[in-house]
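Analysis of the macromolecular model
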Amino acid sequence: MSLLRPLARAALRPATTPLRAFSTTTTRFIKPGQPLPDVGAILHESSPGNKVNLADEASKLNKMILIGVPAAFSPACSATHVPGFLAHPKAEEYDQVAVVSVNDVFVMKAWGDVLNPEGRENVRFLADPSGEFTKALDMLWDGKAIFGNERSKRFTIIVEGGKVKSVAVEPDNTGTSVSLAENVLGKA
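Residues numbered from 1 in each chain as written. Predicted model: local features only at pLDDT ≥ 70, side-chain atom pairs only at ≥ 80, totals over all residues. Heavy atoms only, no water.

Named according to an unreviewed UniProt entry, the chain is Redoxin domain-containing protein originating from Podospora bellae-mahoneyi. Its UniProt record gives the chain the following Sequence similarities (unreviewed entry) comment, quoted word for word: "Belongs to the peroxiredoxin family. Prx5 subfamily." Heading Function (unreviewed entry) of the UniProt record for the chain holds this comment: "Thiol-specific peroxidase that catalyzes the reduction of hydrogen peroxide and organic hydroperoxides to water and alcohols, respectively. Plays a role in cell protection against oxidative stress by detoxifying peroxides." (UniProt positions renumbered as here; feature names shortened; annotations may be inferred.)

Structure representation (structure tokens):
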């Protein structure tokens, strides 16, 4: 009978009580010196058929700015984060400015048309519809309460010669204290 008591107590435990799980998985958070994770051509640009392997492309470029945002068309992303890089004079020194968000390709294309109306070829708006690329960077967070699903943390990664040179990630996932252009590239 005494063997059943622990089981009975476990059955009465509220479903919301978290259980601890042991994990030996190391954090995959991207760090300086590492290449971008190669998860294949899972990002989309302009249409679902135009797939992009950003790791492959970064390895062929001299310098890249990779900007991760929680949501296209959100106030901080549209008014401050991305426009700050597009307007920063030092951004011209980079072969590519890639903006990635866990959104569908149609939203990202429309957003790119708004923020890059002149169509600068080195500025790209890439959709990560499944969040797999963002997850491989360990930049995915549970944004369901605000956005309805998992989203990207707000970050900026500088890539040089195919390897990460620096990573700036917002400590609260969505703020604008460390990943803005003036913090990453310096004063304009």
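With that settled, the discussion passes to the environment of glycine 175. With respect to the secondary-structure elements, glycine 175 resides in the loop between strand 9 (163-169) and helix 7 (181-184). Distance from glycine 175 to lysine 153, taken between C-alpha atoms, is 9.1 Å for residues 22 residues apart in sequence. (Helix = DSSP H or I, 4+ residues; strand = E, 2+ residues; numbered from the N terminus.)

A positive phi angle, near 70°, is found at phenylalanine 73, a position not held by glycine. Along the chain, the position of phenylalanine 73 falls in the loop between strand 3 (63-69) and helix 3 (75-87). The phi angle at asparagine 173 is positive, at roughly 80°, despite the residue not being glycine. Mapped onto the fold, asparagine 173 is located in the loop between strand 9 and helix 7. Asparagine 173 gets classed as buried once you look at its relative accessible area, which sits at 18%. (Buried < 20%, exposed > 50% of the residue type's maximum accessible area, 1.4 Å probe, protein only.)

Look at helix 3: 17 Å from first C-alpha to last across 13 residues, which is about the 18 Å you get at 1.5 Å a residue. On the buried face of helix 3, the contacting elements are strand 3, strand 4 (96-101), helix 4 (105-115), strand 5 (123-127), strand 8 (155-160) and helix 7. (Expected span 1.5 Å × (residues − 1). Contact = heavy atoms within 4.5 Å.)

Bringing the packing of aromatic side chains into the picture now. In the structure shown here, the tally under the stated rule is 2 aromatic pairs. With centroids separated by 6.3 Å and ring planes inclined at 50°, the aromatic side chains of phenylalanine 73 and tryptophan 111 adopt a geometry described as tilted. Taken together, the positions of phenylalanine 73 in the loop between strand 3 and helix 3 and tryptophan 111 in helix 4 put the pair 38 residues apart, joining distant regions of the chain. The class of phenylalanine 73 is partly exposed, set by a relative accessible area of 43%. Ring centres of tryptophan 111 and phenylalanine 125 lie 5.4 Å apart, and the angle between their planes is 75°; this geometry places the pair in the edge-to-face category. With tryptophan 111 in helix 4 and phenylalanine 125 in strand 5, this pair connects stretches of sequence that are 14 residues apart. With respect to class, tryptophan 111 is no different from phenylalanine 125; both count as buried. (Phe/Tyr/Trp six-rings, centres within 6.5 Å; stacked < 30°, edge-to-face > 60°.)

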